[in-house]
Amino acid sequence: MSTTTTTTNRKRDVQVAEIGKDTTVLRSRTWERLKFEVEYSRQKGTTANSYLIQADKKALIDPPGESFTEIYLQELRQHLDLNTLDYIILGHVNPNRRTTLEALLPIAPQATIICSRPAANALKTAFPEWESRIQTVREDSLDLGQGHELKFVTVPTPRWADGLCTYDSATNILYTDKFFGAHICEDTLFDEDPKSLDAERRYYFDCLHAPQAKQVEVILDKIAVFPAKTYAPGHGPIVNNRLSRFTYDYNQWCENQKSQESTVALLYASAYGNTAILAGAIAQGLIENGVNVESINCELAETDEITRIVETCDGLIIGSPTLGGHAPTQIQTALGIILSTAAKTKLAGVFGSYGWSGEAVDLIENKFKDANYRLGFESIRVRFTPTPQILKECQESGALFAQNLKEAKKLRTPTQVITETHIGRTEQAVGRIVGSLCVVTTRDGETDKGVLTSWVSQASFNPPGIMIAIADEQNADLISNLGDKFVLNILKEGRNVRRYFSRHSTLGDNPFVNLSTKTADNGCLVLTEALSYLECTVQNRTKCGERWLIYAVVDNGEVFENEGLTAVEHRKSGSYC
Ligand SMILES: Cc1cc2nc3c(=O)[nH]c(=O)nc-3n(C[C@H](O)[C@H](O)[C@H](O)COP(=O)(O)O)c2cc1C
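- Per an unreviewed UniProt entry, the chain carries the name Flavin reductase domain-containing protein and comes from Calothrix parasitica NIES-267.
- Quoted straight from UniProt, the Function (unreviewed entry) entry for the chain says "Mediates electron transfer from NADH to oxygen, reducing it to water. This modular protein has 3 redox cofactors, in other organisms the same activity requires 2 or 3 proteins."
- Under the heading Cofactor (unreviewed entry), UniProt records this for the chain: "Fe cation".

### A word on unusual backbone geometry
At step 1: Residue P463 follows N462 across a cis peptide bond; omega there is 0°.
At step 2: Within the secondary structure, P463 sits in the loop between strand 23 (456-460) and strand 24 (465-471).
At step 3: You will see that D62, though not glycine, has its phi angle at about 55°, which is positive.
At step 4: Position of D62 among the secondary structure elements: in the loop between strand 5 (58-61) and helix 1 (69-79).
At step 5: Assessed through its relative accessible area of 5%, D62 is described here as buried.
At step 6: Positioned with a positive phi, N372 is a non-glycine residue whose angle comes to about 70°.

### Overview of the pattern of salt bridges
Oppositely charged side chains may form a pair once their charged atoms are brought near each other.
At step 1: For the coordinates displayed, the defined rule picks out 25 salt bridges.
At step 2: Note that R29 and D13 form a salt bridge whose closest N and O atoms lie 3.0 Å from each other. Taken together, the positions of R29 in strand 3 (residues 23-30) and D13 in strand 2 (residues 13-20) put the pair 16 residues apart, joining distant regions of the chain.
At step 3: We classify R29 as buried; its relative accessible area is 0%.
At step 4: Overall, D13 belongs to the buried group, its relative accessible area being 2%.
At step 5: A salt bridge links R201 to D191, with the nearest nitrogen and oxygen atoms 3.4 Å apart.

### Some words on the site of the ligand
At step 1: Lining the immediate environment of the ligand, one finds 18 residues, of which S270, T275, T322, S353 and S357 sit closest.
At step 2: Interatomic distance of 2.9 Å between a backbone N/O atom of G324 and a nitrogen atom of the ligand.
At step 3: Out of a free accessible area of 640 Å², the ligand has 81% covered by protein chains.
At step 4: Listed by contribution, the elements that provide at least two residues to the shell around the ligand are helix 7 (274-288) and strand 17 (347-354).

### As for the packing of aromatic side chains
At step 1: With the rule as written, the count across this model stands at 14 aromatic pairs.
At step 2: Aromatic side chains F368 and Y373 sit 5.4 Å apart centroid to centroid with 70° between the ring planes, which places their arrangement in the edge-to-face category.
At step 3: Residue classification places F368 among the buried positions, given a relative accessible area of 0%.
At step 4: Residue Y373 is classed as buried on the basis of its relative accessible area, which comes to 5%.

### Regarding the sheet that holds strand 22 (residues 447-453)
At step 1: Taken together, 7 strands build an open sheet; the order of strands is 22-21-25-28-29-24-23 and the sheet is antiparallel. Looking along the sheet, the strands with just one partner apiece sit at the ends: strand 22 and strand 23. Within the sheet, the average angular offset between the axes of one strand and its neighbour, ignoring direction, is 35°.

### Let's talk about the pairing of strand 15 (residues 291-297)
At step 1: Along strand 15, 7 of the 7 residues are buried, which leaves the element largely enclosed by surrounding structure.
At step 2: Neither face of strand 15 is left uncovered, since the one carrying V291, V293, S295 and N297 and the one carrying N292, E294 and I296 both have all their residues buried.
At step 3: Pairing analysis gives 7 bridges linking strand 14 (residues 262-268) to strand 15, with the strands arranged parallel. Bridge pairing links S262 to V291 in strand 15.
At step 4: For the segment spanning strand 14, helix 7 and strand 15, crossover handedness is right-handed.

### What about helix 1?
At step 1: By the burial criterion, the buried members of helix 1 are T69, Y72, L73, E75 and L76. Each buried residue of helix 1 sits inside an arc of 165° when the element is viewed along its axis, so together they form one side. Residues of helix 1 that are exposed and point over 90 degrees away from its buried face: E70 and Q78.
At step 2: On its buried face, helix 1 is in contact with strand 2, strand 3, strand 4 (46-54), strand 5 and helix 2 (95-107).

### Here's the deal with the pairing of strand 11 (residues 164-168)
Looking along a regular strand, one sees the side chains alternate between the two faces of the sheet.
At step 1: With 5 of 5 residues buried, strand 11 lies mostly within the body of the structure.
At step 2: Residues of strand 11 alternate between two faces, with L164, T166 and D168 on one and C165 and Y167 on the opposite face, all of them buried.
At step 3: In the sheet, strand 10 (residues 149-154) pairs with strand 11 via 5 bridges, with the strands oriented antiparallel. Note that in strand 11 the partner of L150 across the bridge is D168.
At step 4: When strand 11 meets strand 12 (residues 173-177), the two strands line up antiparallel, connected through 3 bridges. Bridge pairing in strand 12 places D168 opposite I173.

### Thoughts on the packing of helix 4 (residues 198-208) against helix 6 (residues 243-258)
At step 1: Interhelical geometry of helix 4 versus helix 6 gives an angle of 45° and a closest axis separation of 11 Å. Our classification of the angle between helix 4 and helix 6 gives oblique. As helix 4 runs across helix 6, the sense of the crossing is right-handed. Across from R201, R202, Y204 and F205 in helix 4, the residues of helix 6 making contact are F246, Y250, W253 and C254.
At step 2: Classifying every residue of the contact of helix 4 with helix 6 by side-chain character gives 6 nonpolar, no polar and 2 charged.

About the thresholds
Residues numbered from 1 in each chain as written. Predicted model: local features only at pLDDT ≥ 70, side-chain atom pairs only at ≥ 80, totals over all residues. Heavy atoms only, no water. UniProt positions renumbered as here; feature names shortened; annotations may be inferred. Helix = DSSP H or I, 4+ residues; strand = E, 2+ residues; numbered from the N terminus. Buried < 20%, exposed > 50% of the residue type's maximum accessible area, 1.4 Å probe, protein only. Salt bridge = Lys/Arg side-chain N within 4 Å of Asp/Glu carboxyl O. Near = heavy atom within 4 Å. Polar contact = N/O pair within 3.5 Å; in protein donor to acceptor, adjacent residues only side chain to side chain. Areas by Shrake-Rupley, 256 points an atom, 1.4 Å probe, with all protein chains shown as cover. Phe/Tyr/Trp six-rings, centres within 6.5 Å; stacked < 30°, edge-to-face > 60°. Pairing = 2+ DSSP bridges. Axes fitted to C-alpha atoms, helices over the stretch in contact; angles between N-to-C directions. Right-handed = clockwise from strand over helix to strand, strands pointing away. Arc of directions from axis to C-beta. Contact = heavy atoms within 4.5 Å. Parallel < 35°, antiparallel > 145°, perpendicular 65-115°, else oblique. Left-handed = near helix turned anticlockwise from the far one by under 90°. Nonpolar A, V, L, I, M, F, W, Y, C, P; charged D, E, K, R; others polar.

Structure, rendered in structure tokens:
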């Protein structure tokens, strides 16, 4: 294998070398920080790696972005008659790369673009005149001849929804695009001293992949099917050494992320990439302070995915551009899910890029405030593209959010805003009593019923007994006779099971169809998403005011999750639930 350095001075250049049979790398290099995004902040330069396979058919993988368009095409012409180029394979597309494609497609008239479906859709919108030259990858392989049978695997993540990796069975090279890279510029082409790259590789992972660790784990499994001997990433040295170790490291780093004590859901949309850059910087501040970040690109995520993360996270941050005076529909949908699902004790944050009026951030912030969410940092509003200084501030905001989250978790202070003058002082005082949020399930003949209550407490040790205050409209008739059986399902904070129940007897739609249940020994339903449950038998009752005060003995009980916290009901007034 030969290595040719075309330029030795420290200007931008293109390094060309053969890296396998019929396979050449063209590394567009800069020794300066290429962009101001956090991932480049170690200031070690970077390389944009493009690969050329010249078999019976000729394929070019990942031409660089606009920073290199001119020098790259000049160098490429030295190694290839562009009239003979058959395929341009894209690991992802972005506006920078589109600039190079715009220059390349007219001078490579036979070339077809091969990319993932989201990339194809974006390119067809950008280049309608070239629609017939844009081809979505299929499951089968692409045969370039002479053993170069290319196989593709889509690798979507929140940041690169259109991700694609390519494997060449002739060379055992896996073209990994955004995976296994590093932002570092050197003359050395390969990872000859892998240990010396540890810090750069880890930093690259932390910036780009830690906030999407969940999806990265799935991708690592997907690409494991290829017997790769080389990883050819989009940036930095080509990986020839200790591939399994490097893959193991990626898995470990993902695992470390997920095992952090607190998780923040970072939900955003970004039509032109500016809000996404802010998201990256905020994520960095959170991760550096020991918080797991789960990024959700709202333009791609399913409602179920958003609901899951919103229910399980400890804090949530939402980022939105302003388009036409509004937040995009996907953000409004995500906000709706948050407001109807997420516990009000969760810490919240808002950020976004705008051009002139910036309504989106105000709108989201006001909704959070109206719903009594506490904000973990002052909302971030940035005109168009952020500067390095602004990105530093975003990182600091992420760090502040992490600190506030930890304190909030420690103190577990409820958000109680008591300002309404119409609430009497006595009622306010009574309202300070808090209760565990529970669903009481009963059996009425053949029908299961459930009612929400927080008016419950332990009443005796021996036998273990509880006390419930219950009104007639809350199925009191089913649990107010001696010997009546019921299950007390004690709900978990952050898991919004309560939305399926009301404080009145089950009416209309059956709430249990939406939930996972099992039947207790006493015949009543157990909600398996609860934190714990108690099977109870009524022993005593007395009418107090408008309620029945029920004393019941606990016959049996189980804790489903040792780690979870009990959902607690905080009220503004003692005059209503
Ligand atoms: C079609 C369109 C409509 C826009 N409408 C607004 C607007 O009403 N108010 C505003 O402040 N900025 C507006 N902008 C500017 C964007 O908010 C700004 O470009 C922002 O950086 C986009 O963020 P993003 O890159 O995360 O998508 C608009 C931009 C476009 C392209």
